[in-house]
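# Remarks on the overall topology
Here are the chains, one letter per residue:
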Amino acid sequence: MCDTCGCGDPKLVPVEVHEKLLAGNDRTAAHNREHFKGRGVLALNLMGSPGAGKTAILEATARSLGSRRKLGAIAGDLETDRDAERLRTAGVPATAITTGSACHLDAEMVHKALHHFPWRELDYLFVENVGNLVCPAIYDLGQAASVVALSITEGEDKPLKYPVMFRTADLVLLTKVDLLPYLDVRVTAIEDALAHVMPRPALLRVSARTGEGLGAWVDWLEARRAAVARPVKAAAGAAP
Amino acid sequence: MHEYSLVQALVDRVEREARARNATAVHRLSVRIGALAGVEGGLFRSAYELCREGTICSGAELLIEPVEARWACSRCGRALAAGEVLTCPECDAPARLLSGDEIMLDRIEMEVP
């Protein structure tokens, strides 16, 4: 710290960095996003608690949309590739990312998975995140939109307790609504909670079991896709 | 516990900067963590205590500056208080987050020859 007498003491210097700790992840996410955009693939990050019904929604989506559009999925889980297996059974090509102990997917994991997965010809790529209402919210994967599955059995105040997840969501799917008659849960209370944490609250009530609300969900997806689909691909799809 | 992977990214970043400047030691790190960043300060600190062992950060103090969430109307700019509905009562436009989602490394104080 001596800078006067030339005795060779080291200097203490402040280095201004002002960089996001997730800058590396954000760069890879931007790279993924470019890939998806370039191929006209609508990528969605589907998040929610364990057991919220993420896989069931995708199975139901395959029933509603699978005959018209090419769907694919990357399913993240701590262990097993059961979700990917369920999706393949439902007719959705799917690959698993087994994270071991990581509580979320990051852009690099998705990027690596893309190398081994035929995603380029898809209309939709669903990334089913690890079941967790906290950590996945802060990792951009390169998706065009974030969807949070919230099951009505989780209670009315979840949006207030997990504001980070809902703040960044483009859509909330309120799942398992076929159970509403059996529960003391008010959907209006959930909507009110969302209005406090989500700047553009958007909620659809769905039931994978009865098919309720799936039409509106598919309409939402198709509207999003129309915005990113490449004219070339749309034209190729319409050709005889 | 994504705090561990964040701290790992922090230590990697500091080591890179220290190498580039031939630093011999790091004395202090300043980070900013927003209330809506999804990061728990206490966990971040415990993760740092574990991750810094054996790195150039082993003797470096960690300063965490918490940042409050601040919302304002995306159209008229009216500030919205914490806990309010995130739609402007004047013009019905959605609120915009002004600050509170940052996870930033601001400053590294290091010893250079």
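Look a little higher up for the structure.
Here the structure is a predicted model, which is why all the values come from computation and not from measurement. (Residues numbered from 1 in each chain as written. Chains lettered and ligands numbered in written order. Predicted model: local features only at pLDDT ≥ 70, side-chain atom pairs only at ≥ 80, totals over all residues. Heavy atoms only, no water.)

## Description of the overall build of chain B
- Secondary structure summary: chain B contains two helices and six strands in total.
- In chain B, the succession of helices and strands from N to C terminus is α-β-α-β-β-β-β-β.
- Taking 2.2 N^0.38 as the reference for a compact globule, 113 residues should give roughly 13 Å; the C-alpha atoms of chain B span a radius of gyration of 18 Å, well beyond that estimate.
- Here the C-alpha coordinates of chain B stretch approximately 55 × 30 × 15 Å along the principal axes.
- By the burial criterion, 47% of the 113 residues in chain B qualify as buried.
- Put simply, of all contacts in chain B between residues at least 6 apart along the chain, 71% involve residues at least 24 apart.
- When the accessible surface of chain B is summed, it comes to about 5,600 Å², and 48% of that surface belongs to carbon and sulfur atoms.
- Positive and negative charge centroids in chain B, built from 13 and 18 side chains respectively, lie 5 Å apart. (Helix = DSSP H or I, 4+ residues; strand = E, 2+ residues; numbered from the N terminus. Rg over C-alpha atoms; globule rule 2.2 N^0.38 Å. Buried < 20%, exposed > 50% of the residue type's maximum accessible area, 1.4 Å probe, protein only. Contact = heavy atoms within 4.5 Å. Areas by Shrake-Rupley, 256 points an atom, 1.4 Å probe, with all protein chains shown as cover. Lys, Arg positive; Asp, Glu negative; His and termini not counted. Charge placed at Lys NZ, Arg CZ, Asp CG, Glu CD.)

## Some words on the interface of chain A and chain B
- At the interface, 28 residues of chain A touch 37 residues of chain B.
- In this assembly, chain A packs against chain B so that about 2,900 Å² is buried in total across both faces, 64% of it on carbon and sulfur atoms.
- Broken down residue by residue, the surface that chain A buries against chain B is led by Val15(A), Leu21(A) and Arg167(A), which jointly contribute 24%.
- Taken together, the connections running from chain A to chain B amount to three salt bridges.
- One salt bridge connects Arg13(B) with Glu19(A), and the closest N-O pair in it is separated by 2.9 Å.
- At the boundary of chain A with chain B, the tally comes to 12 residue pairs in polar contact (both at pLDDT 80 or more).
- Elements with a contribution of two residues or more to the side of chain A that touches chain B: strand 1 (11-20), helix 6 (163-167) and helix 7 (187-197) of chain A. (Buried area = accessible area lost by both parts, 1.4 Å probe. Salt bridge = Lys/Arg side-chain N within 4 Å of Asp/Glu carboxyl O. Polar contact = N/O pair within 3.5 Å; in protein donor to acceptor, adjacent residues only side chain to side chain.)

## Some words on the packing of aromatic side chains
All names here are of chain A.
- Overall, the coordinates contain three aromatic pairs over all chains when judged by the stated rule.
- Geometrically, the ring pair formed by Tyr-124 and Phe-126 is stacked, given 5.9 Å between the ring centres and 15° between the ring planes.
- What makes Tyr-124 buried here is its relative accessible area of 0%. (Phe/Tyr/Trp six-rings, centres within 6.5 Å; stacked < 30°, edge-to-face > 60°.)

By themselves, these figures tell us nothing about what the structure is for.
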